Amino acid sequence: MAPARDTPFRSADMSMVQLYISNEIGREVVNALGELGLVQFRDLNGDLSAFQRAFTQDIRRLDNVERQLRYFHAQMEKAGIPLRKLDLDVDTLAPPTTTEIDELAERSQSLEQRVSSLNESYETLKKREVELTEWRWVLREAGGFFDRAHGNVDEIRASTDNDDAPLLQDVEHHISAPEVERSFSGMNIGFVAGVIARDRVAAFERILWRTLRGNLYMNQAEIPEPLVDPANNEPVQKNVFVIFAHGKEILAKIRKISESMGADVYNVDENSELRRDQVHEVNARLNDVQSVLGNTQQTLEAELTQISRSLSAWMVLISKEKAVFNTLNLFSYDRARRTLIAEAWIPKHDLPLIRSTLQDVTNRAGLSVPSIINEIRTNKTPPTYLKTNKFTEAFQTIVNAYGTATYQEVNPAIPVFVTFPFLFAVMFGDLGHALIMLSAALAMIYWEKPLKKVTFELFAMVYYGRYIALVMAVFSIFTGLIYNDIFSMSMTLFKSSWEWEVPPDYRPGQTLTARIRDANYRYPFGLDWRWHGTENDLLFTNSYKMKMSIILGWAHMTYSLCFSYINARHFKRPVDIWGNFVPGMIFFQSIFGYLVICIIYKWTVDWFGTGRQPPGLLNMLIYMFLQPGFIDEQLYPGQKQVQILLLLLAVIQVPVLLFLKPFWLRWEHNRARAKGYRGIGERSATSALDDDEDEHQGNGRQSGEGVSMIAQGLDDDDHDEGEGHGHGGHGGEFEFGEVMIHQVIHTIEFCLNCVSHTASYLRLWALSLAHQQLSAVLWSMTMGPALKMTGIGGAIFMVVTFAAFFFLSCVILIVMEGVSAMLHSLRLAWVESFSKFAEFGGWPFAPFSFKQLLEESEELKEYLG
Amino acid sequence: MANGWSVIIGLVIVVAMSIAAWFFSPKGENQVLWRSSIILSIASCYLMWAITFLSQLHPLIEPRRSDLRKEYIHH
């Protein structure tokens, strides 16, 4: 009974197809299939390296365009121009034609040249500007030195007069006319002026001092504004220096040292007139440079702004195009017939859709050669393709995080949709916390569209699981009502079934016990609120929650085990039903099913009403194993016989589990051998390309390649499948030893796990106890004392403590406790439930899809809004 | 009301609801999902309610406390 279409119940029916596409429209076809996103192409050129493939040239070219686009992006970032991001939900890009791509490539080529030449000239100009600025500073500062120094020339001279060596006396006399500009050169003193980075000044001074042995006079001044280094655009603090020294050689030395220290030396005239001219000139040139610079920058920015409008779209187009060519590289090319041959996995039910897409593309191209799509038979294991929608996606993801389900086995996510949030809720049961969680989940769903754009990772994770959160919150509301807990307080929804037994001489502080009010009335929904705050509250709830954990665990595991029956029936493996499912089920039920029945039976009996002592169930179970036939306190008549019978039943299942399946498989195998059948893998490959080879013996290298690919595929596939099913009996050799070992492991695991997994469900009790106690403690530490206070102080205190209470409730009780409950629930799904039926031997279907490509690409993330 | 029979009555109601869910699940490729999820939810919730109810049917211990105020004891 093949279903009419694929359901989430099991992975989709897949088929392997071969596509014959005319070479001319290969690109268009792959483009259309990429939009469809339903085809996973197989690599038919596995033996070729990336460089030898047919479309490597195109990919190289696109890589270059991509590089250019990234260069534009980098330039835009440098210039601070915002990028117009592409919103894929709003903008749709029509699939580009080849000419469009070529145009784009050309355009980005010319743009790159333009931008880079603009950049270059900009950088040159900038450098020039910095130089001129520095020069101006030097002129200004050095001028200051000179003006000050000229005032002191007399003193300098005077100081030397006293000495016995009036070296410059005669020289001075020549120019002693007071109106003549007093000059240093007249004193044979030269100078070097320049600019140096401030952090190098100390070293510079020291080196100069040492090399010149102190024969210098250095003056410096800080430039108040930082200068921009054109090489890396970083601001640098610089100093102007003027060094006076004596003699040409020394001056040359100083120049050399300053150059080697990275200082820029500028020409400064000592004559103040000339200097004034120089300043004027520098200023004029600076103005020119700045205006040109401004123009260049404007042009550059205009260019980049122009680019920024469509850069994202270009980037997306190029990425898609590259993906298309990468896919085309997987195809095998029949040179003789100018045909591309592809092999792909597709969902069987989507074959008509894919076929019509192919037809469309061919018709649009106006080709007379039709594109052919052929289903081919294969014994490969098909990929597991589980369709999801936005509700099921997150659930499916947490299942896939554990493994990929075997092809066509029951989707392990099916029970998870309910059991995961429900088991979470059992641990998280508090109405108040559940309501906060519900409102958060609803808000995320209501503002689904705008919130989708949030890139903050932690939020994106929560957002991704918003539907899980919704279901978890809804179940938590239910369990909160059952536990009768709202922020650790109780709700008096119904009349209690208890009333206090008040003695006539009651004094406050006296211990009171409650009694049943009406023998025919019990609290109808959830826990009686009368238990809340009593001394033996925990005694009661612990016993109740522990038993509930066992019962829920038993139900969960039994339910999961039933799926193994469905799987065995689907895969037509009756031996799995009789050798695994039935004995396993009997084993599990005769021990833990019995325990559950005993728990429920014990609850239904009015022990004190009939004057009997209630037996301890734990002891009963232990004695059932250790001393079969020994009954400590009788639960029901005939208990002894029933327990012995059940124990025998369970023990008998162990050899059945151990031996039935391996021996059955061996018998079946030997029977088949005796009749002359062989395993599938031993047969030679048949392929759709077989007859091709006959026709094109002469130049059949290409088509021969196709066949060899398929044949080769068959070889390595046996491996796949053997791993996938791991039960032997499929393909290849039948090895009894392996099957036996596998079954022994399975048996031991199953029997031990029945015990350990049942115990594992006690975490439901432990976590719900922890959650309830934690919220009670939080209440008693914040709101409890606040409610006792009165007056204005009490009101203020109330506001403060409520804030603390609410914040801590959200952070600790909802987020932290929620995460921990979620992890425990996840474990119960992954380990306790999945181990009962799921094989997880599949490999995921990864279709070639543009949508997925764009969503998952890290590089494109900054271009997509 | 609200005695031991409630569990049985509840079971009948839950089974009826499950049958209804089976037939009234929205058609389409997700029908199996609707059926499985609704019935499983109903069953889980019933199970939990029934366990809670049964555990209080014949309680072995009584609530006991000594910090009651006078005006509260007959409540």
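Remember, predicted model here, so these are calculated numbers, not experimental data.

Some details on empty space enclosed by the protein
Residue and element names in this part refer to chain A.
Here's step 1: This model, assessed by the stated rule, comprises 2 cavities of 30 Å³ or more.
Here's step 2: Taken as a whole, the largest cavity spans an internal volume of roughly 120 Å³.
Here's step 3: The wall of the largest cavity is formed by 13 residues, among which Tyr 483, Asp 485, Leu 527, His 532 and Asp 537 lie closest to the centre.
Here's step 4: Looking at the lining of the largest cavity element by element, the count peaks at 3 residues for helix α15 (residues 537–570).
Here's step 5: Its residues assigned to classes, the lining of the largest cavity shows 4 nonpolar, 5 polar and 4 charged.
Here's step 6: Two domains each donate at least three residues to the lining of the largest cavity, and these are domain 4 (410–502 + 512–531 + 762–838) and domain 5 (537–674 + 732–747).
Here's step 7: What the second largest cavity holds in volume is close to 30 Å³.
Here's step 8: The wall of the second largest cavity is formed by Ile 398, Val 399, Val 416, Phe 420, Leu 826, Ala 829, Trp 830 and Phe 834.
Here's step 9: At the level of secondary structure, the elements contributing two or more residues to the lining of the second largest cavity comprise α9 (392–400), α10 (413–428) and α24 (791–833).
Here's step 10: Considering each element in turn, the lining of the second largest cavity owes the most residues, 3 residues, to α24.

A closer look at the pairing of strand β1 (residues 14–22) of chain A
All names here are of chain A.
Here's step 1: Most of β1 sits inside the fold, with 9 of its 9 residues counted as buried.
Here's step 2: Of the two faces of β1, the one carrying Met 14, Met 16, Gln 18, Tyr 20 and Ser 22 and the one carrying Ser 15, Val 17, Leu 19 and Ile 21 are both buried.
Here's step 3: Inspection of the sheet shows β1 paired to strand β10 (residues 339–347) by 9 bridges, in the antiparallel sense. Of the residues in β10, the one forming a bridge with Val 17 is Ala 344.

Quick word on the sheet that holds strand β3 (residues 189–197) of chain A
Residue and element names in this part refer to chain A.
Here's step 1: Strand order in the open sheet made by the 4 strands is β4-β7-β3-β8, with antiparallel pairing throughout. The open sheet terminates on both sides in strands that have one partner only, identified here as β4 (216–222) and β8 (264–266). Across the sheet, the mean angle separating the axes of adjacent strands is 25 degrees when strand polarity is ignored.
Here's step 2: Two elements, β4 and strand β7 (residues 238–246), share 7 bridges in a ladder whose sense is antiparallel. What sits directly across from Tyr 217, in β7, is Phe 244.
Here's step 3: Relative to β4, helix α5 (residues 201–211) is tilted by about 170 degrees, and along the sheet it contacts β3, β4 and β7.
Here's step 4: Set on the sheet, helix α6 (residues 248–260) makes contact with β3, β7 and β8; between it and β3 the angle comes to about 5 degrees.

Notes on the side chain of A:Lys320
Here's step 1: Following the sequence through the fold, A:Lys320 ends up in helix α7 (residues 272–328).
Here's step 2: The residues touching A:Lys320, leaving out its near neighbours within four places in the chain, are A:Glu35, A:Leu93, A:Phe850, A:Leu853 and A:Leu854.

Here we look at the packing of aromatic side chains
Residue and element names in this part refer to chain A.
Here's step 1: Scanning the model with the defined rule gives 43 aromatic pairs over all chains in all.
Here's step 2: An angle of 80 degrees between the planes, with centres 5.8 Å apart, marks the rings of Phe 494 and Tyr 523 as edge-to-face. Of this pair, Phe 494 sits in the loop between α14 (466–483) and β12 (498–500) while Tyr 523 is found in the loop between β13 (512–516) and α15, placing the two residues 29 residues apart along the sequence.
Here's step 3: Judged by its relative accessible area of 36%, Phe 494 falls in the partly exposed class.
Here's step 4: Residue classification places Tyr 523 among the buried positions, given a relative accessible area of 1%.
Here's step 5: For the pair Trp 498 and Trp 531, a centre-to-centre distance of 5.9 Å together with 80 degrees between the ring planes defines the contact as edge-to-face. Here Trp 498, found in strand β12, pairs with Trp 531, found in the loop between β13 and α15; they are 33 residues apart in sequence, far enough to count as distant.

Conventions adopted
- Residues numbered from 1 in each chain as written.
- Chains lettered and ligands numbered in written order.
- Predicted model: local features only at pLDDT ≥ 70, side-chain atom pairs only at ≥ 80, totals over all residues.
- Heavy atoms only, no water.
- 1 Å grid on protein atoms, 1.4 Å probe; cavity = no way out; pocket = protein on both sides within 12 Å on 5 of 7 lines; lining within 4 Å.
- Points joined across faces, edges and corners; volume = space filled by probe spheres on them.
- Helix = DSSP H or I, 4+ residues; strand = E, 2+ residues; numbered from the N terminus.
- Nonpolar A, V, L, I, M, F, W, Y, C, P; charged D, E, K, R; others polar.
- Domains from an automatic or database assignment.
- Buried < 20%, exposed > 50% of the residue type's maximum accessible area, 1.4 Å probe, protein only.
- Pairing = 2+ DSSP bridges.
- Axes fitted to C-alpha atoms, helices over the stretch in contact; angles between N-to-C directions.
- Contact = heavy atoms within 4.5 Å.
- Phe/Tyr/Trp six-rings, centres within 6.5 Å; stacked < 30°, edge-to-face > 60°.

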